[in-house]
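# What the coordinates show
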Amino acid sequence: MPETYLCANCRATVTREFSVRSVIRTCEECGRNGRFLHTSLVDSLESIPDSDRPDEWETMPLDERFTDALKRGLIQLTR
Ligand SMILES: [Zn+2]
């Protein structure tokens with residue numbers, strides 16, 4: 001089953017046949033070479049309550065949110 005990944009910058013999606021945390025590629029939408037996060041990780045980030053989000057959360061790209069949330073123990077990696 002194909003796995004879906006989201007561009008950390010613009011959330012354009014791409015599918016891959018393998019399941020990993022993230023893939024590094026150049027986005028065809030925004031042109032940024034960077035990290036595409038697996039949808040399960042994006043879901044984990046979305047589920048972090050407002051009270052646990054830093055003030056700049058809204059302006060942070062997904063990969064920065066991920067790094068921040070991981071550092072603060074708000075999400076656990078299951079793979
Ligand atoms: Zn993009």
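Per chain, residue numbering runs from 1 following the sequence as it is written. Only residues with pLDDT of at least 70 are given local features in this predicted model, and only at 80 or more are side-chain atom pairs given and counted; all residues enter the totals for whole chains, interfaces and linings.

### Things to note about the overall build of the chain
Numbered from the N terminus, helices here are DSSP runs of H or I no shorter than four residues, and strands are runs of E no shorter than two. Counting its secondary structure elements, the chain contains 2 helices and 4 strands. This radius of gyration counts C-alpha atoms alone. The globule rule is 2.2 Å times how many residues there are, raised to the power 0.38. Relative to the 2.2 N^0.38 estimate, which gives 12 Å for 79 residues, the radius of gyration of the chain is 12 Å and therefore close to what a compact globule would have. When its C-alpha atoms are laid out on the principal axes, the chain stretches across 35 × 25 × 15 Å. Three classes are used. A residue is buried when 20 or more other C-beta atoms lie within 10 Å of its own, exposed when 12 or fewer do, and partly exposed in between, with C-beta atoms placed from the backbone. Out of the 79 residues in the chain, the part that is buried amounts to 18%. Any pair of residues counts as being in contact when their C-beta atoms, constructed from backbone geometry, are within 7 Å of one another. Counted over contacts in the chain with a minimum sequence separation of 6, partners at least 24 positions apart contribute 37%.

### Let's talk about the pairing of strand β4 (residues 33-38)
A pair of strands is treated as paired once DSSP finds two or more bridges between them. In this structure, strand β1 (residues 3-7) lies alongside β4, joined through 3 bridges in antiparallel fashion. Note on β4: the bridge partner recorded for Leu6 is Leu37. From the end of strand β3 (residues 22-26) to the start of β4, which pair antiparallel, there are 6 residues, and Gly31 there has a positive phi angle of about 80°.

### Some remarks on the sheet that holds strand β2 (residues 13-16)
Taken together, 4 strands build an open sheet; the order of strands is β2-β1-β4-β3 and the sheet is antiparallel. Because the sheet does not close on itself, it has two edges, and the strands there are β2 and β3. Direction aside, neighbouring strands of the sheet carry axes that sit 35° apart on average. Both β3 and β4 contribute to a ladder of 5 bridges, which runs antiparallel. What sits directly across from Thr26, in β4, is Asn33. All axes here are fitted lines through C-alpha atoms, helices being fitted over the stretch that makes contact, and every angle between N-to-C directions spans 0 to 180 degrees. Against the sheet, helix α1 (residues 39-46) engages β1 and β4, with an angle of about 80° to β4. Packed onto the sheet, helix α2 (residues 62-71) meets β1 and β4 and runs at close to 60° relative to β4.

### Quick word on the packing of α1 against α2
As a packed pair, α1 and α2 sit with axes 10 Å apart at the nearest point and diverge in direction by 65°. Here α1 is positioned roughly perpendicular relative to α2, judged by the angle of their axes. The way α1 lies across α2 gives a crossing that is left-handed. Contacts between α1 and α2 pair Leu41, Val42 and Leu45 from the former with Leu62, Arg65, Phe66 and Ala69 from the latter. Residues that form the contact of α1 with α2 fall into these classes: 6 nonpolar, no polar and 1 charged. Relative orientations are named as follows: roughly parallel for angles under 35 degrees, roughly antiparallel for angles over 145 degrees, roughly perpendicular for angles from 65 to 115 degrees, and oblique for any other angle. Take the far helix as the reference: if the near one is turned anticlockwise from it by less than a right angle, the crossing is left-handed, and if turned clockwise, right-handed. By the convention adopted, Pro, Cys, Tyr, Trp, Phe, Met, Ile, Leu, Val and Ala count as nonpolar, Lys, Arg, Asp and Glu as charged, and the other residues, Gly among them, as polar.

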